Amino acid sequence: MQLKNKTFTNISLTLAAATCVLATPAMAATSEPDSWDIDAGLLIYAESDDQVQAYEGALSITKRIDDERSINVKAVVDVLSGASPNGAVAQNRAQTFTRPSGNGSYTTAAGETPLDDTFQDTRVALSTQYQQQLNRLWLYSGGANVSKEYDYLALSINSALARDFNNRNTTASFGFSYAYDTIEPEGGVPNPGVSVDDPDNRLEDSETKQTLDLLFGLTQVINRQTLMQLNYSISDVSGYQTDPFKILSVVDSDGWANDYVYESRPDQRTKQSLFWRTKYNLQPSGQVFDVSYRYFWDDWGMASHTIDSKWRMPLANSHFIEPHIRYYNQQAVDFYQVYLDEGQPIPEYMTADYRLGELQTYTIGLKYGFPIAGNEFSVRLEYYLTQVSGDESLAKGAGMSGVDLYPDKSAVMLQSFYRF
Amino acid sequence: MRRILLLACILSLTACSSLGVKPWERDLLAKPEMQLAENPMELGFDDHTYFSKEGSSGGGSFAGGGCGCN
């Protein structure tokens, strides 16, 4: 039995997400004091139709100081390129758009979904997390993150406390996180609702956003094979939440877009979620079922359901395979509209960003893991399909007849992990 | 819907005290594959992807600020 140092979970496995650490009941340790654990990961994300391509590398180092304390440092580098929908509707003629920076233009062919091809960025993120067992029952975790890309800076801190009850079968946790983000779009912050061709369409140089997250967690050992987790979280976001790169078409009665205006989102959003997860270890095979459900709602009118399930099957010689299925369904925010009607007043809030519209996404994947020289290597291949829905009858007139207002999107993700 | 979920939470809280195992019965729960954050890096990759492609975030951990993902 692995009862030695049982107040710690495997630190290298837990430090990355403070609340996950604290929501995990204290169990056996697998690493010795004064040891180092290193995790390396690589993600390749590629969307169809030459849309977004991303390469993300991550390195996480955990130093276990002693029985009570550990510290983790993590670095992530992202390289992104490709094209992204700009929010305008497809037309039965070619469309030319001014680039978001205001410099130059790009053209979309007739019948095609308008994609902004200027999407290119490199992001570097650094984070550190400290964890300490305060006494037999209390565990503290605190950390800081910084993330920088060309036009975006994100800073955040987090802190959490967890306490075990009921002979360590129940763990209650509470955590908070505060984030301060700054965006500095090339060419300035666009003026919402103003035409992209209007020379007077820019406001100041930068905008900021603050996010306060609170998370309450409860983890319960049900029996020798079953573990259950329940979280409630509330997130208050204030400040600039508009996407400066997204626009809406202004369409006439024949369906022709004669103008495009910058989108506008409220500067206040409160998001809440309930998250339930169960892990079950089937005996004697040792297969592990991991199922979670999240219900999310906010004051923008969005609500969503997410079901995620993994099934880990051990094979001979410590190899394993893990099929994965995820289903996500969201309803649109109140101010989502696929385009604006010409001659109507410009609404205060509006977006045609499909990510705030009605959509379903499906993920199906398979992971394969095996030991190399006593360390674990795993590779994971996933297919991710996004189906956008909406009122098809809005494709009106000669300008839009037959065009796809809600195009689907698919992506392939390849991930690999090495732990030593 | 929200009321039903909240009720389910409260009921599951009150049931906690009678659940659990003895210290010597933790062998399976102690296995790495039974940890809630068995692979934080995978969790990080997934959260980043879904955060930038869907309208919801958070739940399992902090939703946070993050990136200018588009």
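Attention here is on the structure that accompanies the text.

**Considerations on the packing of aromatic side chains**
Piece 1. All told, the structure shown has 15 aromatic pairs over all chains when counted by the stated rule.
Piece 2. Through a chain of ring-to-ring contacts, three or more aromatic side chains come together here, namely Tyr368(A), Phe370(A), Phe377(A), Tyr418(A) and Phe420(A).
Piece 3. Across from the ring centre of Trp300(A), 4.4 Å away, lies the NZ or CZ of Arg269(A), which sits over that ring.
Piece 4. The ring of Tyr50(B) carries Arg326(A) above its face, with NZ or CZ at 3.5 Å from the centroid.

**Notes on the layout of surface pockets**
Empty space left among the atoms is revealed by rolling a probe the size of a water molecule over them.
All names here are of chain A.
Piece 1. Estimated volume of the second largest pocket: approximately 510 Å³.
Piece 2. If you go around the second largest pocket, you meet 28 residues; those closest to its centre are Gln51, Pro85, Thr113, Leu115 and Pro407.
Piece 3. With three residues, the single largest contributor to the lining of the second largest pocket is strand β5 (residues 105–108).
Piece 4. Each residue belonging to the lining of the second largest pocket can be placed in one class, and the counts come to 15 nonpolar, six polar and seven charged.

**Side note on the nonpolar core**
All names here are of chain A.
Piece 1. Membership of the largest hydrophobic core comes to 28 residues, with the highest contact counts inside it found for Val89, Ile247, Tyr260, Val333, Val338, Met400 and Leu405.
Piece 2. Elements supplying a minimum of two residues to this core: β12 (247–251) and β13 (257–262).
Piece 3. Ranked by the residues each element gives to this core, the list is headed by β13, at three residues.
Piece 4. Not counting residues up to four positions away in its chain, the partners in contact with Val338 are Gly87, Val89, Ala352, Leu394, Leu405 and Tyr406.
Piece 5. In this structure, Ala54, Phe119, Met413 and Phe417 belong to the second largest nonpolar core, which totals 16 residues.

**Notes on the sheet that holds strand β18 (residues 340–341) of chain A**
Piece 1. One open sheet accounts for three strands, arranged β13-β12-β18 (chain A); its pairing is mixed. Edge positions in the sheet fall to β13 and β18 of chain A, since each has one partner strand and no second.

**Let's talk about a negative patch on the surface**
Piece 1. Together, Asp391(A), Glu392(A), Asp404(A) and Asp408(A) line one region of the surface with negative charge.
Piece 2. Its place among the elements puts Glu392(A) in the loop between β20 (375–389) and α3 (397–400).

**Quick word on the pairing of strand β19 (residues 358–372) of chain A**
Look at any regular strand and the pattern is simple: side chains alternate between the two faces of the sheet.
Residue and element names in this part refer to chain A.
Piece 1. Here strand β17 (residues 320–330) runs beside β19; their pairing, made up of 11 bridges, is antiparallel. When the bridges of β19 are listed, His324 appears paired with Gly365.
Piece 2. Here 15 bridges tie β19 to β20, and the two strands are oriented antiparallel to one another. Bridged to Pro371 within β20 is Glu376.
Piece 3. Hairpin connection of β19 to β20: two residues between the antiparallel strands, including Ala373 at a positive phi of 50 degrees.

So, how was this worked out
- Residues numbered from 1 in each chain as written.
- Chains lettered and ligands numbered in written order.
- Predicted model: local features only at pLDDT ≥ 70, side-chain atom pairs only at ≥ 80, totals over all residues.
- Heavy atoms only, no water.
- Phe/Tyr/Trp six-rings, centres within 6.5 Å; stacked < 30°, edge-to-face > 60°.
- Lys NZ or Arg CZ within 6 Å of the ring centre and 35° of its normal.
- 1 Å grid on protein atoms, 1.4 Å probe; cavity = no way out; pocket = protein on both sides within 12 Å on 5 of 7 lines; lining within 4 Å.
- Points joined across faces, edges and corners; volume = space filled by probe spheres on them.
- Helix = DSSP H or I, 4+ residues; strand = E, 2+ residues; numbered from the N terminus.
- Nonpolar A, V, L, I, M, F, W, Y, C, P; charged D, E, K, R; others polar.
- Core = buried A, V, L, I, M, F, W, Y, C linked by side-chain atoms within 4.5 Å.
- Buried < 20%, exposed > 50% of the residue type's maximum accessible area, 1.4 Å probe, protein only.
- Contact = heavy atoms within 4.5 Å.
- Pairing = 2+ DSSP bridges.
- Patch = residues over 30% accessible without salt bridge, like charges linked within 9 Å, V, L, I, M, F, W, Y side chains within 5 Å.
- Areas by Shrake-Rupley, 256 points an atom, 1.4 Å probe, with all protein chains shown as cover.
- Salt bridge = Lys/Arg side-chain N within 4 Å of Asp/Glu carboxyl O.
- Lys, Arg positive; Asp, Glu negative; His and termini not counted.
- Charge placed at Lys NZ, Arg CZ, Asp CG, Glu CD.

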